[in-house]
Amino acid sequence: MIGAGFAGASTSAALARAGVTRGLILERELLAGTHASGRNAAIARQLESDSQLVRLAVQGTRLLGMSKVDGRPVLTRTGGLYLLHGDSAWAAEPLHQLHAQRVPAELMQAEDARRRFPHLTRFGFD
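One numbering rule holds for all chains: residues counted from 1, following each sequence as written. Given that the model is predicted, a residue must reach a pLDDT of at least 70 before its local features are reported, and side-chain atom pairs must reach 80 or more before they are shown or counted; all residues, however, enter totals for whole chains, interfaces and linings. To obtain the side-chain values, all non-hydrogen atoms of the structure were included, while hydrogens and water were left out.

As a further point, take the overall build of the protein. When you go through the protein residue by residue, the secondary structure sums to four helices and two strands. Only heavy atoms matter for contacts: two residues are in contact if any of them lie within 4.5 Å across the pair. Across the protein, contacts joining residues at least 24 apart in sequence account for 44% of those joining residues at least 6 apart. A residue counts as positive if it is Lys or Arg and as negative if it is Asp or Glu; His and the chain ends are not included. Charge positions are represented by NZ for Lys, CZ for Arg, CG for Asp and CD for Glu. In the protein, 15 side chains carry a positive charge and 11 a negative one; their mean positions are 10 Å apart. Only DSSP runs of H or I with at least four residues qualify as helices, and only runs of E with at least two residues qualify as strands; both kinds are numbered from the N terminus onward.

One non-glycine residue with positive phi stands out, namely Asp70, at about 55 degrees. Think of it in three bands: with a 1.4 Å probe and only protein chains considered, a residue is buried below 20% of the maximum accessible area for its type, exposed above 50%, and partly exposed in between. On the accessibility criterion, Asp70 (71% relative accessible area) is exposed. Phi is positive for Arg102, which is not a glycine, with a value near 60 degrees. For Arg102, the position within the fold is in the loop between helix 3 (92-100) and helix 4 (110-116).

Turning next to the nonpolar core. The biggest cluster of nonpolar side chains holds five residues, and these are Leu47, Val54, Val58, Leu98 and Val103. Ignoring any residue separated from it by four or fewer positions in sequence, one finds Val103 in contact with Gln46, Val58, Arg62 and Leu98. In plain words, nonpolar cores are sets of buried Ala, Val, Leu, Ile, Met, Phe, Trp, Tyr and Cys residues tied together by side-chain atoms within 4.5 Å.

As a further point, take the pattern of salt bridges. Take a side-chain nitrogen of Lys or Arg and a carboxyl oxygen of Asp or Glu: if they are within 4 Å of each other, that pair is a salt bridge. Summed over all chains, the structure comprises two salt bridges. Note that Arg116 and Glu106 form a salt bridge whose closest N and O atoms lie 2.5 Å from each other. Of this pair, Arg116 sits in helix 4 while Glu106 sits in the loop between helix 3 and helix 4; the two residues are ten residues apart in sequence, bridging distant segments of the chain. A relative accessible area of 46% places Arg116 in the partly exposed class. Across the pair Arg115 and Asp112 runs a salt bridge whose closest N-O atoms are separated by 2.4 Å.

Put into C-alpha cells, the structure is as follows:
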C-alpha cells in the first residue's frame, strides 16, 4: 500500500478484515493519517503514464473488486471521468494501455459526454 493517509489506512484495515495477512504500507510522513490522499482521493486509479503501473493498477483493482468485507464488495465500480484540455493526441497511448488490459475506456468530445451523461450539464468544461 502506498501511503497511510485516510484512503491507504482504511483500505489496509479493510484488507486485514478480509483476511489479507501479509503486506507492506509505505508512508513518507512520520505519522500515519497526516495528509489526505491528494492523488486519487480513494479512487482506484488505472490511468498512469507507465505501462507497468497501468498493469499493476488494473490487477490491484480487479483483486479488490473480487474481495468482500462483511459480505460487501471492497470496491464498487462506478467509472471515472478525466477532462482533457487542448490537443487530445497524447491520450492515444494511455487508451491503448487501458484497452490492452481489457479496461473499458474511450475519448469523447465535451458535447458527447454531456449527451451521454446528462448530469455533466451542471459543470462547466469544454
